[in-house]
Amino acid sequence: MNPFSFPIAVFVIDADGRIQSWNKACEKLSGFGADDIRNSQLDDIIAGAGEAGREAIQYDRDGDVDATLTRKDGSTLPVHVTTARHVLDRAHPDTYSVIVIPKEGEKSPPASQQMIQDAPLLDIIEGLPCVFYVIDQSGHLLLWNHRLEDALEMTGDEVPLLNVSHFFDEKQRPEIKQKILEAFETGSSSHEAVLVGLHGKRTPFLFNCARMSLGSIPCVFGTGLDISAQKETELRLRVRERAMYSSVNAIMITCCKSGDNLIEYVNPAFENLTGYTLAEIKGRDPRFMQVVGFDEEERGRIRQALTRRESVHAIVRNAKKNGEIFWNELRIDPVINMDGTVTHYVGVIDDITLERQYERRLQHLANHDPLTGLANRTLLQEKVQLSMLFAQRNNALMAVAFLDLDNFKFINDNYGHEVGDAVLKEVATRLSHNVREEDTVARLGGDEFVLVSTSQPSIGHVADLMERVRVGVGAPVHVNGKDVIPGVSIGVSMYPRDGDSVDRLMRAADAAMYHAKTTGRNNCQFYSEELNKTVHEHLSLKARLSRAIQGGELFVGYQPKVDLHTGAVIGAEALVRWNDPENGVVSPEKFIPVAEETGLIIQLGEWVLRRACSTLRELQEQGFPDFTISVNLSARQLREADFVQRLAAMMASHHLLPGSLELEVTESHLMEDPEKAVEALTQLKHLGVRLSIDDFGTGYSSLSYLQKFPVDNIKIDRTFLREVGWGQRDTVIAKAIISLGHNLNLIVIAEGVETLEQLRFLREYECDQMQGFYFSAALSKQQLNKVITSNVHLHS
């Protein structure tokens, strides 16, 4: 054991150097008894100590000096003496401690052997699991153990030389001094502080001090418990507590008491989420927030897990303070103490309300049309299947109706997609208002809708429903100051009559809808086996027509046009014909509507134009520059953005003379959008082509637009000539058209002339030109060439 671990000799002197008190170590070290020391001067015992002491007293500072202690037996001992003011004694501020330490290396006098008697106590002090210290009123250590030396990184020689306040950071020193004073004055004190070692080692301790006396010297002795591990634990706990406090997830801690789980803590995120503060809900059962009647299965899982003292993960709905319901993903984990008892539960709450709303939105989008909100094809299949099952179980009728808007492409092309979308939304609303809650309305895409009506009493009731739907949908839609009339074609299939599966019912309704389209539109048709055959032929025709255009099955016939004044052949109309290898010649009345419907009319029309241009070029090279060939132009071609440019390039490549090519457009097509028609016709007119209004009288032209159209000819539709010869009344319209055309300086052409009576009528009323079977049917290019070169004329 280090000799300085034994009690140190301390004298207390006044300002004059007179000894006031001393400890037992002084008597043992010097050999003097109490009577010898009392009222003696310090210089009488320690030579050389008085001068250092007086200097310390004079300048109010610690004084250190090497001196010689003279024992009672006359022997001497080299010692180190420190004189320090009693800064920790407010009652006697003018007293001083004189600490006497034998110098290392010197032999201790025989009297020091008596201190060995205290060895058992010192062994105990050295064996303490903490630092031990004794401090006098000057703030110096009188006794300590090796654990203090380790913490201070000092040797036993260095420890007593410094005031204890120097063992701490400068900022902590006033607090340390106050705590030691408190121990001297009140008998005890405790505090936490960090000892700073000589080489920078820092160790936190919990110090406990108590007042005592060593002989007549008042002292404070105490212990210091190393709390490094505790501080690290506290730091970790503070970090975790801060993490909980700052977490974006709501956290709740409950305490298990008497079988209940009561709220002990909630973090700010919980308060922000629910609106409840900790003060409002502390001590309450968390179940007060649950929404009664919801998520019972999940809450049952939670109760079972808590009963088994296990972790649990669940998704439930709770109510906020304001009554708002929110979805939360909840994770609950038990907190178990050292003996295995669950004392608390920690619940982490993640607000997933937005995610649930998004999931529901995605689910809705997956089953509903985003524009109209109606069921989509996926949900429709399910609804039809369920309706079939219901009808089967209840021996009821069920209807599936396909609806297709008649004028939607026109609406989109002429008014724009914004108006088109508005029309679709309005149609969806009208359909929904016309059916029962248990019925289904779906949109398949584009302008196609499906209606599924369950448990109908009879087919007659279905027919009445479809008529209401047709009238309701067909009413004008007011959009951006315009009245748009959609019109609708409806096809209906019935379960179980028309099919026993979803696919068969859907195909049957689709077939009926196509039939409604081909029979004039804006009507309703019910499916039948005969209709199925017709639709099958229609679909087959569509497939074969595409092949025909590519495969050379089409050809052009030329029907001559005759000048009624001279009888000469002055032109011809190019008429496309189809020679189907399987079914022979197919009537244009069958395949032209299919071409219009599928969009193949664009490709077909350009194919006819090229052949007409080629024929014109050949005739011009043969010396017939004034001969004209007319080609029918569809509304789709007229609406093509680059049609004029393509036609100009085609005419240029064939070196056609101006006026040799004539384009015919039906009156009804022109009146679909008169303003755009005027613009398109004007551009064509600039190319040098002639323009003709076909089927004049069958549409709804206004005289104002007829004057604006830059046309050269009008053609009387054949229907106005059929009854010529049967009565005066039947010829009124034909006469009016001839008169109107001449008054507008237009050439009037009659088509479909088949009888001599019709010819005489036309000549009588000075019609300009005619074409029809009376003179000639459509001819091949070679036959036309022969008629022209032979100068064949019309004879009355």
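Further up the page is the structure itself.
The shown structure was predicted, so the numbers you read here are calculated from the model rather than taken from an experiment.

Participant: So what's going on with the overall build of the protein chain? Which residues, and what values?
Facilitator: The helix and strand tally for the protein chain stands at 28 helices and 32 strands. Its C-alpha atoms give the protein chain a radius of gyration of 58 Å, clearly above 28 Å, the size a compact globule of 796 residues would have. The C-alpha extent of the protein chain, read off along each of the three principal axes, is 180 × 70 × 45 Å. The 796 residues of the protein chain split such that 47% are buried. Counted over contacts in the protein chain with a minimum sequence separation of 6, partners at least 24 positions apart contribute 57%. Total accessible area computed for the protein chain in this model is approximately 39,600 Å², and 50% of it derives from carbon and sulfur atoms.

Participant: Break down the packing of aromatic side chains for me, with residues and values.
Facilitator: Centre distance and the angle of the planes are the two values used to describe a pair of aromatic rings. On inspection of all chains with the given rule, the structure shows eight aromatic pairs. Between Tyr-133 and Phe-207, the ring centres sit 6.0 Å apart and the planes meet at 70°, which makes this aromatic pair edge-to-face. Of this pair, Tyr-133 sits in strand 7 (residues 131-136) while Phe-207 sits in strand 10 (residues 202-214), and the two are 74 residues apart along the sequence. With respect to burial, Tyr-133 and Phe-207 carry one shared label: buried. Where Tyr-276 meets Phe-288, the ring centres are 5.1 Å apart and the plane angle is 80°; that geometry is what we call edge-to-face. You can see Tyr-276 sitting in the loop between helix 9 (268-274) and helix 10 (278-281) and its partner Phe-288 sitting in the loop between helix 10 and helix 11 (296-307), a full twelve residues away along the chain. Through a chain of ring-to-ring contacts, the aromatic side chains of Tyr-133, Phe-168, Phe-205 and Phe-207 assemble into a single cluster. Lying over the aromatic face of Phe-288, Arg-284 brings its terminal NZ or CZ to 3.9 Å of the ring centre.

Participant: Account for the sheet that holds strand 5 (residues 76-85), naming residues and giving values.
Facilitator: Here we have six strands laid out as an open sheet, ordered 2-1-6-5-4-3, and antiparallel in their pairing. Looking along the sheet, the strands with just one partner apiece sit at the ends: strand 2 (19-22) and strand 3 (46-47). Alignment of strand 3 against strand 4 (residues 63-70), held across two bridges, turns out to be antiparallel. Following the sheet pairing, Ile-46 is matched in strand 4 by Leu-69.

Participant: So, the layout of surface pockets: which residues are in play, and what are the values?
Facilitator: Computed from the structure, the second largest pocket encloses a volume of approximately 630 Å³. Lining the second largest pocket are 26 residues, and of these Asp-285, Pro-286, Arg-287, Ile-302 and Leu-306 lie nearest its centre. Those elements giving two or more residues to the lining of the second largest pocket turn out to be strand 12 (250-257), strand 13 (260-266), helix 11, strand 14 (312-319), strand 15 (325-336) and strand 16 (342-351). When residues of the lining of the second largest pocket are assigned to their parent elements, the largest contribution, five residues, is made by helix 11.

Participant: Which residues make up the pairing of strand 15, and what are the values?
Facilitator: Strand residues, when the strand is regular, have side chains that alternate between the two faces of the sheet. In this structure, strand 14 lies alongside strand 15, joined through eight bridges in antiparallel fashion. Across the sheet, Arg-317 pairs through a bridge with Trp-327, a residue of strand 15. Once strand 14 ends, the chain turns through five residues before running back antiparallel as strand 15, passing Gly-323 with a positive phi of about 90°. In terms of strand pairing, strand 15 meets strand 16 through nine bridges, oriented antiparallel. Looking across to strand 16, one finds that Glu-329 is bridged to Asp-350. Here strand 15 folds back onto strand 16 in antiparallel fashion, the turn holding five residues, of which Gly-340 has a positive phi close to 85°.

Participant: Go over the side chain of Thr-666 with me, naming the residues and quoting the values.
Facilitator: Residue position: Thr-666 is located in strand 28 (residues 661-666). Among all residues touching Thr-666, those that are not within four sequence positions of it are Asp-694 and Asp-695.

Participant: Go over the pattern of salt bridges with me, naming the residues and quoting the values.
Facilitator: Proximity of charged atoms lets side chains of opposite charge pair with each other. Counted under the stated rule, the structure contains 41 salt bridges. A salt bridge links Asp-406 to Lys-517; the shortest N-O distance between them is 3.0 Å. Here the residue Asp-406 occupies a position in the loop between strand 17 (397-405) and helix 14 (408-415), and Lys-517 occupies one in helix 17 (residues 502-518), the gap between them amounting to 111 residues. There is no split in this pair, since Asp-406 and Lys-517 are both buried. With its nearest N and O atoms 3.4 Å apart, the salt bridge here joins Glu-553 to Arg-547. Take Glu-553: its relative accessible area is 13%, and that puts it in the buried class. A single network of salt bridges, built from pairs that share partners, joins Lys-561, Glu-573, Glu-662, Glu-664, Arg-690, Lys-715 and Glu-751.

Participant: Summarise the packing of helix 14 against helix 15 (residues 417-433); cite the residues concerned and give the values.
Facilitator: Axis separation between helix 14 and helix 15 bottoms out at 7 Å; the angle between their running directions is 145°. Contacts between helix 14 and helix 15 involve Phe-408, Ile-411, Asn-412 and Tyr-415 on the former and, on the latter, His-417, Val-419, Gly-420, Val-423 and Leu-424. Broken down by class, the residue content of the contact of helix 14 with helix 15 amounts to six nonpolar, three polar and no charged.

Participant: Account for empty space enclosed by the protein, naming residues and giving values.
Facilitator: Tallied over the entire structure, the rule returns three cavities of 30 Å³ or more. Here the largest cavity defines a volume of roughly 150 Å³. As for the largest cavity, its lining consists of 14 residues, of which Tyr-133, Ile-135, Val-164, Phe-168 and Phe-207 are closest to the centre. For the lining of the largest cavity, the secondary-structure elements that each account for two or more residues are strand 7, helix 7 (173-186), strand 9 (188-196) and strand 10. When grouped by side-chain class, the residues that make up the lining of the largest cavity number 13 nonpolar, one polar and no charged. Space inside the second largest cavity adds up to approximately 50 Å³. Along the walls of the second largest cavity sit Thr-615, Glu-618, Leu-619, Gln-622, Lys-781, Leu-784, Asn-785 and Ile-788, which together make up its complete lining. Elements that contribute at least two residues to the lining of the second largest cavity include exactly helix 20 (600-621) and helix 28 (781-789). Classifying every residue of the lining of the second largest cavity by side-chain character gives three nonpolar, three polar and two charged.

Participant: Please set out unusual backbone geometry residue by residue, giving values where relevant.
Facilitator: Residue Pro-496 follows Tyr-495 across a cis peptide bond; omega there is 10°. As for its position among the elements, Pro-496 is in the loop between strand 22 (488-495) and helix 17. If you check the backbone angles, Asp-695 has positive phi at about 55° while not being a glycine. Along the chain, the position of Asp-695 falls in strand 29 (residues 690-696). Of note, the phi angle at Asn-745 is positive, near 60°, even though the residue is not glycine. Relative to the elements of secondary structure, Asn-745 occurs in the loop between helix 26 (732-743) and strand 31 (747-751). Residue classification places Asn-745 among the exposed positions, given a relative accessible area of 71%.

The rules behind the values
- Residues numbered from 1 in each chain as written.
- Predicted model: local features only at pLDDT ≥ 70, side-chain atom pairs only at ≥ 80, totals over all residues.
- Heavy atoms only, no water.
- Helix = DSSP H or I, 4+ residues; strand = E, 2+ residues; numbered from the N terminus.
- Rg over C-alpha atoms; globule rule 2.2 N^0.38 Å.
- Buried < 20%, exposed > 50% of the residue type's maximum accessible area, 1.4 Å probe, protein only.
- Contact = heavy atoms within 4.5 Å.
- Areas by Shrake-Rupley, 256 points an atom, 1.4 Å probe, with all protein chains shown as cover.
- Phe/Tyr/Trp six-rings, centres within 6.5 Å; stacked < 30°, edge-to-face > 60°.
- Lys NZ or Arg CZ within 6 Å of the ring centre and 35° of its normal.
- Pairing = 2+ DSSP bridges.
- 1 Å grid on protein atoms, 1.4 Å probe; cavity = no way out; pocket = protein on both sides within 12 Å on 5 of 7 lines; lining within 4 Å.
- Points joined across faces, edges and corners; volume = space filled by probe spheres on them.
- Salt bridge = Lys/Arg side-chain N within 4 Å of Asp/Glu carboxyl O.
- Axes fitted to C-alpha atoms, helices over the stretch in contact; angles between N-to-C directions.
- Nonpolar A, V, L, I, M, F, W, Y, C, P; charged D, E, K, R; others polar.

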